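In case you want the letters, here they are:
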Amino acid sequence: MLKKIITEKRKEISKIKTKETINELKDRISTSDPPKDFKEALNGKFSIICEYKRASPSTGPISSKRLEESIKSFENGGATAISILTEKKFFNGDIKYLKTAKSITNLPILMKDFIIDEYQIFQARAYGASSILLIASICPNLETFINISKSLNMEPLIECENSLEIYKALENGAEIIGINNRNLSNFTIDFNKTRAFAPLIPNEKILVSESGVKRSEDVKMLREYGADAILIGTEVMKSKNPSDFIKDLLIAGTLTPKGGSPIE
Ligand SMILES: O=C(O)c1ccccc1NCC(=O)[C@H](O)[C@H](O)COP(=O)(O)O
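Everything numeric in this text was worked out from a predicted model, so none of it was measured.

Undergrad: What exactly am I supposed to notice about the pattern of salt bridges here?
TA: Summed over the entire model, instances satisfying the criterion amount to 15 salt bridges. A salt bridge links Asp113 to Lys9; the shortest N-O distance between them is 2.7 Å. Residue Asp113 is located in the loop between β5 (109-112) and α6 (118-126), and its partner Lys9 is located in helix α1 (residues 2-19); the two are separated by 104 residues in the primary sequence. Pair check on accessibility: Asp113 and Lys9 agree, each one buried. Note that Glu68 is salt-bridged to Arg66, the shortest N-O span being 3.5 Å. Members of the salt-bridge network, linked through shared partners, are Lys9, Glu12 and Asp113.

Undergrad: I keep staring at the site of the ligand and nothing clicks. Help me out?
TA: The full set close to the ligand counts 20 residues, and Glu51, Lys53, Ser58, Ser211 and Thr234 are the nearest of them. In this structure, Lys53 approaches the ligand through a side-chain N or O atom, which is 2.7 Å from an oxygen atom. In the environment of the ligand, an oxygen atom lies 2.7 Å from a nitrogen or oxygen atom belonging to the backbone of Gly233. Considered class by class, the residues forming the shell around the ligand number 8 nonpolar, 7 polar and 5 charged.

Undergrad: Is there a simple way to explain the side chain of Arg223 in this structure?
TA: By secondary structure assignment, the location of Arg223 is in helix α10 (residues 216-225). This buried residue, Arg223, is left without a salt bridge; Asp228 holds the nearest opposite charge, at 4.3 Å. In terms of polar contacts, Arg223 uses its side chain to reach the backbone carbonyl oxygen of Gly253, at 3.3 Å. Here the side chain of Arg223 touches Thr256 through a polar contact of 3.2 Å, landing on its backbone oxygen. Those residues in contact with Arg223 that lie beyond four places of it in its chain are Phe46, Asp228, Gly253, Thr256, Pro257, Lys258 and Gly259.

Undergrad: Honestly, a positive patch on the surface in this entry has me stumped. Any pointers?
TA: The grouping of Lys15, Lys19, Lys88, Lys96 and Lys99 at the surface amounts to a positive patch. If you list the elements that add at least two residues to the positive patch, you get α1 and α5 (96-104). Along the chain, Lys19 turns up in helix α1.

Undergrad: Got a minute to help me understand the nonpolar core in this structure?
TA: It is characteristic of soluble globular proteins that their nonpolar side chains tend to be buried jointly. Judged by nonpolar contacts, the single largest core of 90 residues is most densely connected at Ile48, Ile84, Ile158, Ile230 and Ile232. With near-sequence residues (within four places) excluded, Ile232 lies in contact with Ile48, Ile49, Cys50, Glu51, Val213, Phe245 and Leu249.

Undergrad: Sorry if this is basic, but what is going on with the environment of Arg182 here?
TA: By secondary structure assignment, the location of Arg182 is in the loop between β8 (176-180) and α9 (192-197). A relative accessible area of 14% means that Arg182 is categorised as buried. Separated by 124 residues in sequence, Arg182 and Ser58 have C-alpha atoms that sit 9.7 Å apart. Side-chain polar atoms of Arg182 contact the side chain of Ser211, separated by 3.3 Å.

Undergrad: Which parts of the structure should I look at to understand α5?
TA: An α-helix turns once every 3.6 residues. As a result, residues three or four positions apart point the same way. Taken as a whole, α5 has its buried residues at Tyr97, Leu98 and Ala101. Down the axis of α5, the buried set is contained in an arc of 100°. They therefore lie on one face. In α5, the exposed residues that point more than 90 degrees away from the buried face are Lys96 and Ser103. At its buried positions, α5 is contacted by β1 (47-52), α4 (67-77), β4 (81-85), β5 and α6.

Undergrad: Looking at this model, I keep getting lost on the side chain of Ser130. Mind explaining?
TA: Relative to the helices and strands, Ser130 resides in the loop between α6 and β6 (131-135). Given a relative accessible area of 2%, Ser130 falls into the buried group.

Undergrad: Can you walk me through the UniProt feature "domain: Indole-3-glycerol phosphate synthase" (unreviewed entry) in the chain in this structure?
TA: Within the UniProt annotation, "domain: Indole-3-glycerol phosphate synthase" (unreviewed entry) is assigned to residues 2-249. The span residues 2-249 carries 44% helix and 17% strand; its end-to-end C-alpha distance comes to 30 Å.

Undergrad: What am I meant to see in the sheet that holds strand β10 (residues 229-232) here?
TA: Strand-to-strand pairing in sheets goes through backbone hydrogen bonds, with the strands running parallel or antiparallel. Judged by pairing direction, the barrel is parallel, and its 8 strands sit side by side in the order β1-β4-β5-β6-β7-β8-β9-β10 before closing back on the first. With strand direction ignored, the average angle separating the axes of adjacent strands in the sheet is 25°. By the bridge criterion, 4 bridges tie strand β7 (residues 157-160) to β8 in an arrangement that is parallel. When the bridges of β8 are listed, Ile158 appears paired with Ile177.

Undergrad: Got a minute to help me understand the state of the cysteines in this structure?
TA: The bond known as a disulfide is covalent and runs between the sulfur atoms of two cysteines. Counting across every chain of the model gives 0 disulfides. Take Cys139: it sits in no disulfide, and the sulfur closest to it among the cysteines is that of Cys160, at 11 Å.

Criteria and thresholds
Residues numbered from 1 in each chain as written. Predicted model: local features only at pLDDT ≥ 70, side-chain atom pairs only at ≥ 80, totals over all residues. Heavy atoms only, no water. Salt bridge = Lys/Arg side-chain N within 4 Å of Asp/Glu carboxyl O. Helix = DSSP H or I, 4+ residues; strand = E, 2+ residues; numbered from the N terminus. Buried < 20%, exposed > 50% of the residue type's maximum accessible area, 1.4 Å probe, protein only. Near = heavy atom within 4 Å. Polar contact = N/O pair within 3.5 Å; in protein donor to acceptor, adjacent residues only side chain to side chain. Nonpolar A, V, L, I, M, F, W, Y, C, P; charged D, E, K, R; others polar. Lys, Arg positive; Asp, Glu negative; His and termini not counted. Contact = heavy atoms within 4.5 Å. Patch = residues over 30% accessible without salt bridge, like charges linked within 9 Å, V, L, I, M, F, W, Y side chains within 5 Å. Areas by Shrake-Rupley, 256 points an atom, 1.4 Å probe, with all protein chains shown as cover. Charge placed at Lys NZ, Arg CZ, Asp CG, Glu CD. Core = buried A, V, L, I, M, F, W, Y, C linked by side-chain atoms within 4.5 Å. Arc of directions from axis to C-beta. UniProt positions renumbered as here; feature names shortened; annotations may be inferred. Pairing = 2+ DSSP bridges. Axes fitted to C-alpha atoms, helices over the stretch in contact; angles between N-to-C directions. Disulfide = S-S within 2.5 Å.

See below:
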């Protein structure tokens, strides 16, 4: 699936680059406000990142809720940050959602996409993102991409699949590490991925456990494994009362002492 997504992404980027050049993006960035500090928002407490996710390869259509409605409910529930899936073909997202989100919320906004070209980092910032997701396994040059993101005042979230990727991310200055509980080939969810890799992430860094959270018990478990934050999309989008749902998850995460024992 990831291969298919990347093939489409390449085609999409080569088209977009001709419509809006990188220099045009840079011009827009030069006159824009600095983004919200994503790391600072997540630091020192248990946090929930809520994702605006309309569809996905693993679930199909998820929700047709409007962005504005979802963001308001995420805020009311106590979300620390908003993630927005901007990928079009497989997730029914849109880069323009970033702009709309920025105009209606003060929370940091994470651009969730499949970043394979430096152009996309500038695009994220120009459209209002405060952070980007870099998936280590598909990123052509992690060091450069992390540096560009930081130079634009966006602390990136680096998604790692194995210990080598975690070491590489840390070596290249990553402050926020994501462990995706979803296997991106067969879509199975396994929280043991968070449990296995949490000890490799030093205490002063932020560990975001991504995907598969359905209930408070899941949050409790991930917190016990060492998560500083969780990233939730499908269930919060499907929920009839997202604010109350988020509040319950937040209570579970906040009342559970952080476990895991990072290697010194
Ligand atoms: O969600 C998918 O089906 C998916 C398929 C292929 C690549 C990535 C995919 N998801 C990206 C994500 O990381 C999730 O959207 C995010 O962690 C939220 O997960 P969930 O709460 O399980 O919707």
